[in-house]
Amino acid sequence: MTSYTFDVFSTLDGYGSHDGDWGGYWGKQGPELLDHRARLYAEDQLMVFGPVTYRQFADFVLEGVEFDAWAARMSELPKIVVSNSMASNEPLPWPNATVMRGDAVDVVSRLKQESEVPLRSIGSLSMNRALMAAGLVDRVQVTLFPVITGITGLEPIFQGAEDFDLELVDSRILDGDIQELTYAPTVHAVRPA
């Protein structure tokens, strides 16, 4: 069985994006972060997305946004979009994408059995929270940016998630103040009262 990594960017206060004037990476990216991300995505892997995150990246493609090297590589990788809501004739402008219908837990469970390469998902928050609750996420890789977005923060990453115990399996500091923390998650067992 192959591994599944939930890859997510976060502010210190747990938001995955913003509606402020911060810019991409909250304006904090540097060469170490970008080089490290390029190395992470150089390996063959199968990307897994929910429809919202897929459409966000597809919009960037349609707008002609120039991707950083790691995101350009992600464009080359095969992508599965797990969705029951996307129309069968909806265009898929982001290259190498296939829509798989069904429950994300069932689809990813099958992909973990069948894929010859590791699975990785970036964003797709609600899908990944459900996959974590089902025990299908082997690694949660959080890139923590040194900002607090109490006013402009959007998409609380773990809002509505189950309780999890996390085992730190890797950590690094990039560009002096960006932290990448990689955890193995386990659903926290509820103890009887």
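Just give me the short version of the packing of aromatic side chains, but keep the residues and values in it.
Aromatic rings considered in pairs are described by the distance between their centres and by the relative angle of their planes. Scanning the entire structure with this criterion turns up 13 aromatic pairs. With a centroid separation of 6.3 Å and 75° between ring planes, the pair formed by Phe-6 and Phe-158 is classed as edge-to-face. With Phe-6 in strand 1 (residues 4–11) and Phe-158 in the loop between strand 8 (153–156) and strand 9 (164–174), this pair connects stretches of sequence that are 152 residues apart. Note on Phe-158: relative accessible area 38%, which makes it partly exposed. With a centroid separation of 5.2 Å and an interplanar angle of 45°, the aromatic rings of Tyr-41 and Trp-70 are classed as tilted. Note that Tyr-41 is positioned in helix 1 (residues 31–42) and Trp-70 in helix 3 (residues 69–76), a separation of 29 residues in sequence. Here Tyr-41 matches Trp-70 in class, with each residue buried. Each residue in the set Phe-9, Tyr-25, Trp-26, Tyr-41, Trp-70 and Phe-145 is aromatic and connected to the rest through ring pairs, giving one cluster. A cation sits over an aromatic face here: Lys-79 above Trp-94, 4.8 Å from the ring centre. Against the face of Tyr-41 rests Arg-120, its NZ or CZ located 5.3 Å from the ring centre.

Describe the pattern of salt bridges, and please don't skip the residues or the numbers.
Enumeration according to the criterion identifies 8 salt bridges in this entry. Salt-bridge contacts for Arg-55 lead to Glu-90; the nearest nitrogen and oxygen are separated by 2.9 Å. Placement of Arg-55 in helix 2 (residues 51–63) and of Glu-90 in the loop between strand 4 (79–82) and strand 5 (97–100) is noted, with a sequence separation of 35 residues between them. A relative accessible area of 28% places Arg-55 in the partly exposed class. Take Glu-90: its relative accessible area is 23%, and that puts it in the partly exposed class. Arg-172 is the partner of Glu-180 in a salt bridge, and the nearest nitrogen-oxygen pair spans 3.2 Å. For Glu-180, a relative accessible area of 1% gives the class buried. Judged by its relative accessible area of 32%, Arg-172 is partly exposed. What emerges from the salt-bridge pattern is a single network uniting Asp-7, Arg-37 and Arg-120.

Criteria and thresholds
Residues numbered from 1 in each chain as written. Predicted model: local features only at pLDDT ≥ 70, side-chain atom pairs only at ≥ 80, totals over all residues. Heavy atoms only, no water. Phe/Tyr/Trp six-rings, centres within 6.5 Å; stacked < 30°, edge-to-face > 60°. Helix = DSSP H or I, 4+ residues; strand = E, 2+ residues; numbered from the N terminus. Buried < 20%, exposed > 50% of the residue type's maximum accessible area, 1.4 Å probe, protein only. Lys NZ or Arg CZ within 6 Å of the ring centre and 35° of its normal. Salt bridge = Lys/Arg side-chain N within 4 Å of Asp/Glu carboxyl O.

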